[in-house]
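What the coordinates show
The lines below spell out each chain.
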Amino acid sequence: MAKATITILPDEPIGLIRPELHGQFIEHLGGCIDGGIWVGENSSIPNISGFRTDVLESMKKLRPPVLRWPGGCYADDYHWEDGIGPAAQRPRRVNIWWGQNVETNAFGTHEFIQLCRYLGAEPYLAGNVGSGTVREMRDWVEYCNFTGDSTLARRRASNGSPMALKVRYWGVGNENWGCGGNFCPEDYAAEYKQFATYLRDFSGTNLFRIACGPDGNNHDWTRRFFSKLGRFPHIQGYAAHYYCGTAGPSATEFDVNQWYELLEKATRIEKLICEQRQLMDEFDPQRKIGLLIDEWGAWHLPTPGRNPHHLWQQNTLRDALVAAITLDTFNRHADKLVMANIAQMANVLQAMVLTEGDRMLLTPTYHVFDMYRPHQGATSLRVEIDGPTISFPVGPEKRQLPALMASASLRGEKLLLTVVNPHASLPVEANIDLRRKAIGVSSKVLTHSEINAHNSFEEPGATVPSDALTNSNVDAVVFAPRSVTAFQIRVA
Ligand code: AHR
């Protein structure tokens, strides 16, 4: 059996793991909102004020710290005034990005905030730069946040919310290098300055303005954006997107090498974070600006039989490992990352839940988020792993993956160690050096005999974590192949 050593260094804290690193994202796209979250009050599907009860209850358990809306690409064609006031009078608009669906605007600002309140999530609104105006976005902030007696605040009150909605996170556009207006970095920096200048802190929310960062690890965008931005104070966050893509014909059909190929692509987010933060340091040496990854996840080829514009995809054990590898990577950069939002919460891309009519299932990715939840708000610790690597071919090329990947965090005497064994068929035995005495250990493992294991509406419990009872011994721990393990360890 392959052997490894995992050493946790409690005296080398990296930083507090902001709960926001486990953020979610919803967009008006396919079945994400319509049918996935929102069915309307008159639906036969059980709902609370129009929100699906099953999805609400499941997502509430995950306690998503932050929720981003309305896009995505949709954000730069969304006009917030369409989504307020009596639902029957809201305009019907064509969604130009996602299959030209007609959007009824039944789910607008107030519905979004209500959803956030149910879930206990901070709202994160993405404003419209591509087809909107500075005034429109500035007014949205006033409408949501102004505590005084302005016309917009009165309008909010007449729509049911006399209290300010206190939205702290505001994105100035989305993917403005592409669907958000096809700007070059210099032009977007000029737009950013103009928009951000007028976004005011109306209710002591400590407004957090977020600029659009690069598509993946594009250095040129970052360098040119910050060069043009100069010494501009109204920027608190800079958001990159990283989709690791796919390998193989579909979400559920892939061979062993394609299993490795995707997992290796997921590991590349670390290079992005390292290089982008280094670039940001050149322009922001005091590190006042946080880095966000406000869209990430696996993006498979369209599912046969589904509308290709709706980005519906199944979610397998392979996706669960993508999530675990990514969340572990975020922990290693807890000192720089301020938020991350997986794309997307329901029925789109790497979803937490899939719905069909009145049925719902939790995906393997949901279970990883649940297993990793105790990392939220804990202090990330440096972890060293000594072990072999896995080599695999991608066409004529040889690529490698570490035999084990992990991260650890500490809160008081509770240590959480999360470990991925990406090997498709072999276990790895590891000694875990905690540099502390373990008093009690319990663990949960997510694995399956099949690499493409997933949950279906017929068999929703096919891929779920199991409790592995252990004593206080963390020597010679065997990590099952194709697995994610979360150890909760009480340390002295
Ligand atoms: O999440 C789907 C799409 O991916 C988003 O709308 C866009 O921002 C990204 O390209």
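The structure displayed is predicted, hence computed values, not measured ones. (Residues numbered from 1 in each chain as written. Predicted model: local features only at pLDDT ≥ 70, side-chain atom pairs only at ≥ 80, totals over all residues. Heavy atoms only, no water.)

Looking at the overall build of the protein
- For the protein, the count of helices and strands is ten helices and 25 strands.
- The globule rule puts the C-alpha radius of gyration for 492 residues at 23 Å, and the 22 Å found for the protein is close to it.
- In terms of principal-axis extent, the alpha carbons of the protein reach across some 70 × 55 × 50 Å.
- Across the 492 residues that make up the protein, the buried fraction comes to 58%.
- By sequence separation, contacts in the protein at least 24 residues apart represent 77% of the contacts at least 6 residues apart.
- Carbon and sulfur atoms provide 49% of the accessible area of the protein, an area that totals close to 18900 Å².
- The protein carries 48 positive and 54 negative side-chain charges, and their two centres are separated by 5 Å. (Helix = DSSP H or I, 4+ residues; strand = E, 2+ residues; numbered from the N terminus. Rg over C-alpha atoms; globule rule 2.2 N^0.38 Å. Buried < 20%, exposed > 50% of the residue type's maximum accessible area, 1.4 Å probe, protein only. Contact = heavy atoms within 4.5 Å. Areas by Shrake-Rupley, 256 points an atom, 1.4 Å probe, with all protein chains shown as cover. Lys, Arg positive; Asp, Glu negative; His and termini not counted. Charge placed at Lys NZ, Arg CZ, Asp CG, Glu CD.)

Regarding the pairing of strand β14 (residues 353-356)
- Here β14 runs beside strand β15 (residues 359-362); their pairing, made up of four bridges, is antiparallel. Each bridged residue has a counterpart across the sheet, and for Glu 356 the counterpart in β15 is Arg 359.
- Counting the residues in the hairpin turn of β14 and β15 gives two residues, including Gly 357, whose phi is positive at 55°. (Pairing = 2+ DSSP bridges.)

Focus: the site of the ligand
- Taken together, 14 residues surround the ligand, and among them Glu 27, Cys 73, Glu 175, Tyr 243 and Glu 295 come closest.
- In the environment of the ligand, an oxygen atom lies 2.7 Å from a nitrogen or oxygen atom belonging to the side chain of Glu 27.
- Here Tyr 243 contributes a side-chain N or O atom positioned 2.8 Å from an oxygen atom of the ligand.
- For the ligand, whose free accessible area comes to 280 Å², the fraction covered by protein is 94%.
- Residue classes in the shell around the ligand are distributed as seven nonpolar, four polar and three charged. (Near = heavy atom within 4 Å. Polar contact = N/O pair within 3.5 Å; in protein donor to acceptor, adjacent residues only side chain to side chain. Nonpolar A, V, L, I, M, F, W, Y, C, P; charged D, E, K, R; others polar.)

Notes on helix α4 (residues 151-158)
- Within the sequence span of α4, burial applies to Leu 152, Ala 153 and Arg 156. The buried side chains of α4 occupy one side of the element, clustering within an arc of 100° when seen end-on. The exposed residues of α4 that point more than 90 degrees off its buried face are Thr 151, Arg 154 and Ser 158.
- Contacts made by the buried residues of α4 are with α2 (109-119) and α3 (134-145).
- Gly 160 occupies a position one or two residues after α4 and carries a positive phi of about 110°. (Arc of directions from axis to C-beta.)

Here's the deal with the sheet that holds strand β5 (residues 66-69)
- The parallel closed barrel is built from eight strands, whose spatial order is β2-β5-β8-β9-β10-β11-β12-β13. Shown here is a sheet whose adjacent strand axes are inclined to one another by a mean of 30°, direction ignored.
- Relative to strand β9 (residues 169-172), strand β8 (residues 122-126) runs parallel, the two sharing three bridges. The residue of β9 that forms the bridge with Ala 126 is Gly 171. (Axes fitted to C-alpha atoms, helices over the stretch in contact; angles between N-to-C directions.)

A word on the state of the cysteines
- Counting across every chain of the model gives one disulfide.
- Put simply, Cys 73 and Cys 179 are joined by a disulfide, and their sulfur atoms are 2.2 Å apart. Taking the sign of the torsion about the S-S bond as the criterion, the disulfide between Cys 73 and Cys 179, at about -85°, is left-handed. With Cys 73 in the loop between β5 and β6 (93-94) and Cys 179 in the loop between β9 and α5 (185-197), the pair connects residues that are 106 residues apart, well separated along the chain.
- Overall, Cys 73 belongs to the buried group, its relative accessible area being 10%.
- Look at Cys 179 and you get buried, because its relative accessible area is 13%. (Disulfide = S-S within 2.5 Å.)

Details of the nonpolar core
- Grouped together as the largest cluster of nonpolar side chains are 119 residues, with contacts concentrated most on Ile 26, Tyr 192, Phe 225, Ile 293 and Phe 330.
- Composition of this core by domain shows at least three residues from each of domain 1 (2-9 + 381-491) and domain 2 (18-376).
- Ranked by size, the runner-up nonpolar core spans 25 residues in total, among them Val 428, Ala 430, Val 441 and Phe 479. (Core = buried A, V, L, I, M, F, W, Y, C linked by side-chain atoms within 4.5 Å. Domains from an automatic or database assignment.)

Some thoughts on the packing of aromatic side chains
- Summed over the entire model, instances satisfying the criterion amount to 31 aromatic pairs.
- Here the aromatic rings of Tyr 243 and Trp 299 are separated by 4.8 Å at their centres, their planes lie at 80°, and the arrangement is edge-to-face. Of the two residues, Tyr 243 is situated in strand β11 (residues 237-245) and Trp 299 in the loop between β12 (290-298) and α9 (317-332); the sequence distance between them amounts to 56 residues.
- Taking relative accessible area as the criterion, Trp 299 reaches 30% and is therefore assigned partly exposed.
- An angle of 15° between the planes, with centres 6.2 Å apart, marks the rings of Trp 296 and Phe 369 as stacked. On the criterion of sequence distance, the pair formed by Trp 296 in strand β12 and Phe 369 in helix α10 (residues 364-372) is long-range, its members being 73 residues apart. (Phe/Tyr/Trp six-rings, centres within 6.5 Å; stacked < 30°, edge-to-face > 60°.)

Points about the pairing of strand β20 (residues 414-421)
- Among the eight residues in β20, seven count as buried, and that is most of the element.
- As paired elements, strand β19 (residues 405-411) and β20 share seven bridges and run antiparallel to each other. Among the inter-strand pairings, Ser 407 is bridged to a residue of β20, identified as Thr 418.
- Connecting β19 to the next strand, β20, in antiparallel fashion are two residues, including Gly 412 with a positive phi near 60°.
- By the bridge criterion, eight bridges tie β20 to strand β25 (residues 483-491) in an arrangement that is antiparallel.

Topic: the domain arrangement of the protein
- Domains assigned within the protein are domain 1 (2-9 + 381-491) and domain 2 (18-376).
- Each of domain 1 and domain 2 has a C-alpha centre, and the two are 29 Å apart.
- Counting from both sides, the interface comprises 45 residues of domain 1 and, opposite them, 40 residues of domain 2.
- Between domain 1 and domain 2 lies a buried interface of about 3300 Å² when both sides are counted; carbon and sulfur atoms form 69% of it.
- As a salt-bridge pair, Glu 458 and Arg 359 come within 3.7 Å of each other at their nearest N and O atoms.
- Seen at the junction of domain 1 and domain 2, the total is 15 residue pairs in polar contact (both at pLDDT 80 or more).
- Breaking the side of domain 1 that touches domain 2 down by element, the ones donating at least two residues are β17 (389-394), β18 (397-402), β19, β20, β22 (438-446) and β25.
- Tallying contributions element by element places β19 first for the side of domain 1 that touches domain 2, with six residues. (Buried area = accessible area lost by both parts, 1.4 Å probe. Salt bridge = Lys/Arg side-chain N within 4 Å of Asp/Glu carboxyl O.)

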